[in-house]
Amino acid sequence: MNASTHYRTHNCGELTEKDIDKEVIICGWVAKVRDFGGLTFVDIRDRYGITQLAFNIETNEALCLKARGLGREYVVQAKGKVIERSNKNKNIATGDIEIEVNDLQILNESITPPFTIENDTDGGEELRMKYRYLDIRRPILNERLVTRAKVIKAMRAYLDERNFTEIETPVLIKSTPEGARDFLVPSRMQPGNFYALPQSPQILKQLLMVAGMDRYYQVVKCYRDEDFRGDRQPEFTQLDCEMSFVNQEDVLQTFEGLTKYVFKEIKNIDLPDIIRLPYADAIKYYGSDKPDLRFDCKIIDIDALDAIKNNTFPLFQNASSAKHIVAAIVAKGCVAMSRKQTDELVDYVKMPNRGLSGLIQVKVNEDGTIKSTIDKFMNEVQLQEIVQAVQAEKGDLILIAVEKESKVRKALGDLRLELAKKQNWIDKDKWSLLWIVDFPLFELDEETGAIIFVHHPFCNIHPDDVAYFDSDPLKCRAQQYDLVINGAECLSGSIRIHNKELQDKVFQKLGFSEAEKDERFGFMVNAFQYGAPPHGGCAFGVDRWVALLTGADVIRDVIAFPKNNSGRDLMMDAPSVVDPKQLKELGINIQ
Ligand code: ASP
């Protein structure tokens, strides 16, 4: 490279002992200036690494003084010779060398940044979001964005090899039902009319199958106006896929292949085949449709034991008439928990969203004795029966719940996660991947009691359950599947209905009137009359994937410009009020 015609010959992460004696030009941001009287060292950083510049007051006073005057985050260009460092730093790739600088240009100055640009920064999250461009200078963040690009590249490579075509779909559309609220965009040309931003390209990808495109994918933004529960963003990225002439097995195999490919490319991990767990079992044993199986701790039903059935303890006695179940989990090695610790567990399951009245505790002491919190009602034989049924061992604590089934499963499912967190049961190097299959097609809305869809209204019925569709729709399973990684839902999909009559019937069951159905989905159902092929697909949550693969705790940490927990972009200060003139053009009055 001709040094005089370029800003830089090398980046800040690549010079090593092999480059000693080379004349180089590098550019970067000033991370640190250290002044040792005669010698001054400046660390400059770019996204590839950090390189040390060296200045000597004896050999070039003016240049050394210039270096001493550099402020944090100044942008500089340094020319000089690569020399061996006397004080090597084994922690960084360039730690064996430094640049003996003979020319230093300040390309731009910087005012003092509001937090230190280091992985362990002193900036709080809101401050870092406001100055996201500085936050992204921190190596941990820019590395995550680089990994994000690699994950997406690997996904595309896998799909491109297999006849999938990436097709863009519009952002200004009509509502697609994914169970969330739509973001709306007012139309200026048709006042009073609104576009909806896609909650997903669901309908459009299905129409691409009707159109004969056979295999589609798209890395696509989706928009859902939800309250900020958990780790969500109002706009997020999906890898959205659809295939024609496939059954559930074809889809699972295709995307299991993609999953293995991405893990190999990004983490160099050879994943074993992914286990499959029916939804009903996931709920029964783990109280969740996205169980984390990096640790065991199953929910075990114990109502059938003599120790429970023939017990005079009122909660057990009334269980069957109250339609309550009795179930337990084993907290491995937790027998020595203090009263305070077990009280915390009890408080945890009593919280309103779990709603248990308490936990019955059975301790299997190290000396083999067994003690319970209801010893008055339990003799030795009964305690032994419980211990054996749940396969508890010395040192274990058994936690028993009695309540309505749904509450017991949810509360014990949450409790197993809470215990895992508190007791460090999760090996961070371990991965838990599983397919959840056979989701129910419908469920009851807790508030209104109406039948609602579980995933979206286009999922096909499980072939074994077609007979119940009219008589007992809640018993019908769907051909729907999720991929769960370390307890997080990372993909969701289904085989679709491709027949107009069945789609009409599902809309009817969901309580859509003819007019509503025509207005919202008429174009789709019409399309099904022109030879819709059997089809199915799925969508990966790209942000969640990248968070898992980079070890980020929340998806905001893998999104370049995320929103905060109240849906605000703190950097741009959006959403914000708009010019009254704009509102007038749109025919909108703010109340
Ligand atoms: N559109 C669905 C979703 O966003 C995914 C799918 O069924 O393909 O969850």
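Starting afresh in each chain, residues are numbered from 1 along the sequence in its written order. For a predicted model such as this one, the threshold for reporting local features is a pLDDT of at least 70, and the threshold for listing and counting side-chain atom pairs is 80 or more; totals across whole chains, interfaces and linings nevertheless cover every residue. With hydrogens and water set aside, each side-chain value is computed from the structure's full complement of heavy atoms.

Chemist: Break down the nonpolar core for me, with residues and values.
Modeler: Residues grouped as a nonpolar core are buried Ala, Val, Leu, Ile, Met, Phe, Trp, Tyr and Cys residues, joined through side-chain atoms within 4.5 Å. Relative accessibility thresholds used throughout: buried, under 20% of the residue-type maximum; exposed, over 50%; partly exposed, between the two (1.4 Å probe, protein chains only). Phe255 and Trp545 are the most contacted members of the largest nonpolar core, which totals 41 residues. Helix numbers and strand numbers start at the N terminus; a helix is a DSSP run of H or I with at least 4 residues, a strand a run of E with at least 2. Among the elements of the structure, helix 4 (139-160), strand 10 (235-244), helix 6 (248-267), strand 17 (433-437), strand 20 (480-485), strand 21 (488-495), strand 22 (535-541) and helix 16 (542-550) are those that each provide at least two residues to this core. Contact between two residues is taken to exist if any of their heavy atoms lie within 4.5 Å; hydrogens are not considered. With sequence-adjacent residues up to four places away left out, tryptophan 545 is seen in contact with Met155, Thr259, Val262, Phe263, Leu483, Ile485, Cys490 and Phe540.

Chemist: Any chance you could break down unusual backbone geometry for me, citing the residues and the numbers?
Modeler: Backbone torsion omega between alanine 574 and proline 575 reads 0 degrees, so that peptide bond is classified as cis. Structurally, the position occupied by proline 575 is in the loop between helix 16 and helix 17 (580-586). Positive phi is not limited to glycine here, since aspartate 21 has a value of about 85 degrees. Relative to the helices and strands, aspartate 21 is located in the segment before strand 1 (23-36). Given the relative accessible area of 53%, aspartate 21 is considered exposed. With a phi close to 70 degrees, aspartate 214 is a non-glycine residue in the positive phi region.

Chemist: Talk me through the site of the ligand; I want residue IDs and the actual numbers.
Modeler: Near the ligand there are 13 residues, and of these Glu178, Gln202, Lys205, Gln238 and Arg496 occur at the shortest range. Within the side chain of glutamine 202, a nitrogen or oxygen atom sits 2.7 Å from a nitrogen atom of the ligand. For the purposes of these results, a polar contact is taken to be a pair of N or O atoms within 3.5 Å, where, inside protein, one atom must be able to donate a hydrogen and its partner to accept one; residues adjacent in sequence count only when each atom of the pair is a side-chain atom. Histidine 455 has a polar side-chain atom sitting 3.1 Å from an oxygen atom of the ligand. With residues, only the protein chains shown are counted as cover, and all accessible areas are computed by Shrake-Rupley using a 1.4 Å probe. Computed on the free molecule, the ligand has an accessible area of 270 Å², of which 96% lies beneath the protein chains in the complex. Where the shell around the ligand is concerned, the elements lending two or more residues are helix 5 (202-210), strand 21 and strand 22. Each residue is assigned to one class: nonpolar for Ala, Val, Leu, Ile, Met, Phe, Trp, Tyr, Cys and Pro, charged for Asp, Glu, Lys and Arg, and polar for all the others, Gly among them. Class assignment for the residues of the shell around the ligand results in two nonpolar, seven polar and four charged. It suffices for a single heavy atom of a residue to lie within 4 Å of a molecule or strand for the residue to be listed as near it.

Chemist: Quick rundown of the environment of phenylalanine 377? Include the residues and the values.
Modeler: Mapped onto the fold, phenylalanine 377 is located in the loop between strand 15 (370-372) and helix 11 (380-389). Among the residues examined, phenylalanine 377 registers a relative accessible area of 25% and is labelled partly exposed. Considered as a pair, phenylalanine 377 and asparagine 311 are 66 residues apart in the sequence and their alpha carbons are 6.9 Å apart. In contact with phenylalanine 377, not counting residues within four places along its chain, are Asn311, Thr312, Phe313, Pro314 and Gln382.

Chemist: Account for the layout of surface pockets, naming residues and giving values.
Modeler: A probe as big as a water molecule, rolled over the atoms, marks out the empty space that is left. Within this model, the second largest pocket holds a volume of roughly 700 Å³. Throughout, the protein atoms alone are placed on a 1 Å grid, and a set of points is a cavity if a 1.4 Å probe fits but cannot get out or a pocket if it is open with protein on both sides within 12 Å along at least five of seven lines; lining residues have an atom within 4 Å of a point. Surrounding the second largest pocket, 30 residues form its lining, Ala31, Lys32, Asp43, Ile50 and Ile92 being those nearest its centre. When grouped by side-chain class, the residues that make up the lining of the second largest pocket number nine nonpolar, eight polar and 13 charged. Grid points are joined across faces, edges and corners, and a volume is the space filled by probe spheres set on the points.

Chemist: Could you give an account of the environment of lysine 350, naming the residues involved and the relevant values?
Modeler: The topology assignment puts lysine 350 in helix 10 (residues 339-350). When residues no more than four places from it in sequence are discounted, the contact partners of lysine 350 are Gly355, Leu356, Ser357 and Gly358.

Chemist: Got a sec to walk through the pairing of strand 10? Specific residues and values, please.
Modeler: Counting buried residues in strand 10 gives nine out of ten residues, a clear majority hidden from the surface. A pair of strands is considered paired only if DSSP assigns at least 2 bridges between the two. Taken together, the nine bridges between strand 9 (residues 215-223) and strand 10 define a ladder with antiparallel strand orientation. Paired with arginine 215 across the two strands is methionine 243, which belongs to strand 10. Inspection of the sheet shows strand 10 paired to strand 22 by seven bridges, in the antiparallel sense. Considered in strand 22, the bridge of glutamate 242 is made with glycine 537.

Chemist: Tell me about the sheet that holds strand 5 (residues 97-108), and please be specific about residues and values.
Modeler: Taken in spatial order, the five strands of this closed barrel run 1-2-3-5-4, and their pairing is mixed. In this sheet, neighbouring strand axes are inclined to one another by 55 degrees on average, regardless of whether the strands run parallel or antiparallel. Here eight bridges tie strand 2 (residues 39-46) to strand 3 (residues 49-56), and the two strands are oriented antiparallel to one another. Across the sheet, phenylalanine 41 pairs through a bridge with alanine 54, a residue of strand 3. Comment: axis = line fitted to C-alpha atoms, over the contacting stretch for helices; angle = value between 0 and 180 degrees taken between N-to-C directions. Docked against the sheet, helix 1 (residues 61-68) engages strand 1, strand 2, strand 3 and strand 5, running at close to 70 degrees with respect to strand 5.

Chemist: For the pattern of salt bridges, give the residues involved together with the corresponding values.
Modeler: The working definition used for a salt bridge is a side-chain nitrogen of Lys or Arg within 4 Å of a carboxyl oxygen of Asp or Glu. Evaluation of the coordinates by the stated rule reveals 51 salt bridges. Taking the shortest distance from any N to any O, the salt bridge between glutamate 178 and arginine 224 comes out at 4.0 Å. With a gap of 46 residues between them, glutamate 178 in the loop between strand 6 (165-166) and strand 7 (184-186) and arginine 224 in the loop between strand 9 and strand 10 connect regions that are remote in the sequence. For the pair shown, glutamate 178 and arginine 224 are each scored as buried. A salt bridge links lysine 260 to glutamate 256, with the nearest nitrogen and oxygen atoms 3.8 Å apart. Taken together, the residues span about one helical turn, with lysine 260 and glutamate 256 both in helix 6 at a distance of four residues. Here glutamate 256 falls in the buried class, since its relative accessible area comes to 9%.

Chemist: Tell me about the packing of aromatic side chains, residues and numbers included.
Modeler: Aromatic ring pairs are reported here in terms of the distance separating the ring centres and the angle at which the planes meet. Here is the rule: rings of Phe, Tyr and Trp (six-membered ring for Trp) pair when centre to centre is within 6.5 Å. Planes less than 30 degrees apart are stacked, more than 60 are edge-to-face, and the remainder are tilted. Evaluation of the coordinates by the stated rule reveals 19 aromatic pairs. With a centroid separation of 5.8 Å and an interplanar angle of 65 degrees, the aromatic rings of phenylalanine 36 and phenylalanine 41 are classed as edge-to-face. With a relative accessible area of 53%, phenylalanine 36 lands in the exposed category. Note on phenylalanine 41: relative accessible area 13%, which makes it buried. Taking 5.0 Å as the distance between ring centres and 85 degrees as the angle between the ring planes, the aromatic pair formed by phenylalanine 263 and tryptophan 431 counts as edge-to-face. Here the residue phenylalanine 263 occupies a position in helix 6, and tryptophan 431 occupies one in the loop between helix 12 (405-422) and strand 17, the gap between them amounting to 168 residues. Any Lys NZ or Arg CZ found within 6 Å of a ring centre and within 35 degrees of that ring's normal is scored as a charge over the ring. Directly above the aromatic system of tyrosine 158 lies the positively charged group of arginine 162, at a separation of 3.7 Å from the ring centroid. Note that arginine 354 overlies the ring of tyrosine 348, its terminal NZ or CZ placed 3.7 Å from the centroid.

Chemist: Tell me about the sheet that holds strand 14 (residues 360-364), and please be specific about residues and values.
Modeler: Pairing in this open sheet of five strands is antiparallel, and the strands run 12-13-16-14-15 from one edge to the other. Two strands close off the open sheet at either side, each with one partner strand: strand 12 (300-301) and strand 15. In terms of strand pairing, strand 14 meets strand 16 (residues 397-404) through four bridges, oriented antiparallel. Bridging from a neighbouring strand, glutamine 361 pairs with leucine 399 of strand 16.

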